[in-house]
Amino acid sequence: MTTFNLGGATSNSFRFETPGDQITGKIIDLVELQQTDLKTGEPKTFENGQPMMMYRVDLQTELRDPADQIDTGARSVYLKGSKKAESKSSLAAVLAAVIAATGTTNISTGGTLTL
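Residues numbered from 1 in each chain as written. Predicted model: local features only at pLDDT ≥ 70, side-chain atom pairs only at ≥ 80, totals over all residues. Heavy atoms only, no water.

## Considering the packing of aromatic side chains
With the rule as written, the count across this model stands at one aromatic pair. On the basis of an interplanar angle of 80° and a centroid distance of 4.7 Å, the ring pair of Phe 14 and Phe 16 is categorised as edge-to-face. (Phe/Tyr/Trp six-rings, centres within 6.5 Å; stacked < 30°, edge-to-face > 60°.)

Structure (structure tokens):
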């Protein structure tokens, strides 16, 4: 079992295109990655040179793309931004929900996550 402290599988990305979009799945992988610039692909850093990090959470879902015969339903969501609640970042939102549900800042493979 992998455990990842938010206070610290290859799949398709789930795009939250419309307000109210929702995804639920079993956590199958957790990875910490350096953010990259979407246009250039270059690694992103803060002004002091420290890397800007994010978390990729891979979920096994019931979703399937009918046009993709090998779609297993695995979807990735990316959590980034400040951990501070007032930032309203994806990381802060999931962190607050995990704390409310578990009393800790840990999420683990095998758990269920809804965004």
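## Considerations on the pairing of strand E5 (residues 74-79)
Counted residue by residue, E5 has five buried out of six residues, so it is predominantly covered. By the bridge criterion, two bridges tie strand E2 (residues 12-13) to E5 in an arrangement that is parallel. Of the residues in E5, the one forming a bridge with Asn 12 is Arg 75. By the bridge criterion, six bridges tie strand E4 (residues 53-60) to E5 in an arrangement that is antiparallel. Paired with Asp 58 across the bridge in E5 is Ser 76. (Buried < 20%, exposed > 50% of the residue type's maximum accessible area, 1.4 Å probe, protein only. Helix = DSSP H or I, 4+ residues; strand = E, 2+ residues; numbered from the N terminus. Pairing = 2+ DSSP bridges.)

## Considering the sheet that holds strand E3 (residues 24-34)
What the five strands build is an open sheet, ordered E2-E5-E4-E3-E7; its pairing is mixed. The strands lining the two open edges of the sheet, one partner per strand, are E2 and strand E7 (112-114). Against the sheet, helix H1 (residues 90-102) touches E4, E5 and E7, its axis set at about 105° to E5. (Contact = heavy atoms within 4.5 Å. Axes fitted to C-alpha atoms, helices over the stretch in contact; angles between N-to-C directions.)

## What to know about the pattern of salt bridges
Counted under the stated rule, the structure contains three salt bridges. Asp 29 is the partner of Arg 56 in a salt bridge, and the nearest nitrogen-oxygen pair spans 3.8 Å. Of this pair, Arg 56 sits in strand E4 while Asp 29 sits in strand E3; the two residues are 27 residues apart in sequence, bridging distant segments of the chain. Here Arg 56 matches Asp 29 in class, with each residue buried. For Asp 71, the salt bridge is made with Arg 75, and the minimal N-O distance between the two is 2.7 Å. Residue Asp 71 is classed as buried on the basis of its relative accessible area of 11%. On the basis of relative accessible area, Arg 75 is assigned to the buried category, the value being 7%. (Salt bridge = Lys/Arg side-chain N within 4 Å of Asp/Glu carboxyl O.)

## Looking at unusual backbone geometry
Non-glycine residue Lys 88 carries a positive phi angle of around 60°. For Lys 88, a relative accessible area of 75% gives the class exposed.

So, to be careful, I would describe these as geometric facts and stop short of saying anything about function.
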